[in-house]
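# A closer look at the structure
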Amino acid sequence: MSISAQQVQELRQASGAGVMDVKQALEEAGGDIQIARDILRKKGMIKAAKKMERETHEGRVEAYIHANNKVGVLLKLYCETDFVAQNEQFAQLAHDLVLHIAASNPQYVSPADVPAQILDNERRIYTEQLQGLQKPTDVLAQIIEGKIEKFMQEVALTKQPFVKDLDKTVEDVINEAIAKIGENIQIGGFVRYEL
């Protein structure tokens, strides 16, 4: 199948991927742009996973004060090099993340940061809520784990649906940025203030 320059251009603008990657994805997808976009996302996630092990020593502190002066956020966002720390895409990611934090009020960066006693307490509460149900133990355990996953989406920044695109999590957005920018990106922490 022949891939037109217009298809390559359209997918390149939408994905930010390189010309050869876009062309290969379109060929693999038989010219279907939506399938090619999914292929690029999968490849980007694989690349991002490989980069996650690299150390981050540079970055930026991003600040945001909401228009009503009642909500403020400070975010530490790390990358590998000073060059990327000054990059416009990295700056935009940092800005999008502080807006998300201001709007969604996460309590922790990732599920790994949620203290064990809080998780134990949530499990205990869910177990007590489900005591009256006549369901097998394994089904109750699945329900409790589903509730824990939902709880993580509320309190852990990386698991929250991203405010600018609810089909993606914050973790997906960061992984896409890693794939586009080509460096490991890590959230170093954040503080959210509200009056």
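Residues numbered from 1 in each chain as written. Predicted model: local features only at pLDDT ≥ 70, side-chain atom pairs only at ≥ 80, totals over all residues. Heavy atoms only, no water.

## Structural notes on the overall build of the protein
What the protein contains, in helices and strands, is 8 helices and 5 strands. Helices and strands appear in the protein in the N-to-C order α-α-α-β-β-α-α-α-α-β-β-α-β. Within the span of the protein, comprising 195 residues, buried residues form 37% of the whole. Considering only residue pairs separated by 6 or more positions, the protein has 60% of its internal contacts joining residues 24 or more positions apart. (Helix = DSSP H or I, 4+ residues; strand = E, 2+ residues; numbered from the N terminus. Buried < 20%, exposed > 50% of the residue type's maximum accessible area, 1.4 Å probe, protein only. Contact = heavy atoms within 4.5 Å.)

## Regarding the side chain of Glu-122
Note on placement: Glu-122 falls in helix α6 (residues 116-129). Within the buried core, Glu-122 has no salt-bridge partner, and the shortest N-O distance to an opposite charge, that of Arg-124, equals 8.2 Å. Setting aside chain neighbours within four positions, we find Glu-122 in contact with Ile-148 and Phe-151. (Lys, Arg positive; Asp, Glu negative; His and termini not counted. Salt bridge = Lys/Arg side-chain N within 4 Å of Asp/Glu carboxyl O.)

## Notes on the nonpolar core
Of all hydrophobic cores here, the largest spans 27 residues; its most connected members are Leu-75, Leu-77, Leu-97, Ile-185 and Ile-187. When contributions to this core are tallied by element, the ones reaching two or more residues are β2 (71-79), α4 (82-85), α5 (88-104), α8 (170-181) and β5 (186-194). Residue contributions to this core peak at 7 residues, all from α5. Residues Val-8, Leu-26, Ala-29 and Ala-36 belong to the second largest nonpolar core, which totals 11 residues. (Core = buried A, V, L, I, M, F, W, Y, C linked by side-chain atoms within 4.5 Å.)

## Section: α6
Taking 1.5 Å per residue, 14 residues should reach 20 Å; α6 reaches 20 Å between its end C-alpha atoms and fits that length. Among all positions of α6, only Leu-119, Glu-122 and Tyr-126 are buried. Buried residues along α6 cover an arc of 60° about the axis, so they all sit on one side. Those residues of α6 that are exposed and angled more than 90 degrees off the buried face are Ala-116 and Gln-117. (Expected span 1.5 Å × (residues − 1). Arc of directions from axis to C-beta.)

## Overview of a nonpolar patch on the surface
Among the surface-exposed residues, Val-61, Leu-74, Val-191 and Tyr-193 lie close enough to one another that they form a single nonpolar patch of about 380 Å² accessible area. Within the fold, Val-191 resides in strand β5. (Patch = residues over 30% accessible without salt bridge, like charges linked within 9 Å, V, L, I, M, F, W, Y side chains within 5 Å. Areas by Shrake-Rupley, 256 points an atom, 1.4 Å probe, with all protein chains shown as cover.)

## Focus on unusual backbone geometry
The residue Asn-69 is not glycine, and still its phi comes out positive at about 60°. Of note, Asn-69 is situated in the loop between β1 (58-65) and β2. With relative accessibility at 58%, the residue Asn-69 sits in the exposed group. Within the chain, Asn-105 stands out as a residue other than glycine whose phi angle is a positive 50°. On the secondary structure map, Asn-105 appears in the loop between α5 and α6.

## Some details on the packing of α6 against helix α7 (residues 137-155)
One can describe the packing of α6 onto α7 by two numbers: an axis separation of 10 Å at closest approach and a directional angle of 135°. One way to sum up the angle between α6 and α7 is to call them oblique. The two elements α6 and α7 cross, and the hand of that crossing is right-handed. Contacts from Ile-118, Leu-119, Glu-122, Arg-123, Tyr-126, Thr-127 and Gln-129 of α6 reach α7 at Ile-144, Glu-145, Lys-147, Ile-148, Phe-151 and Met-152. (Axes fitted to C-alpha atoms, helices over the stretch in contact; angles between N-to-C directions. Parallel < 35°, antiparallel > 145°, perpendicular 65-115°, else oblique. Left-handed = near helix turned anticlockwise from the far one by under 90°.)

Bear in mind that shape data such as this cannot, by itself, settle questions of function.
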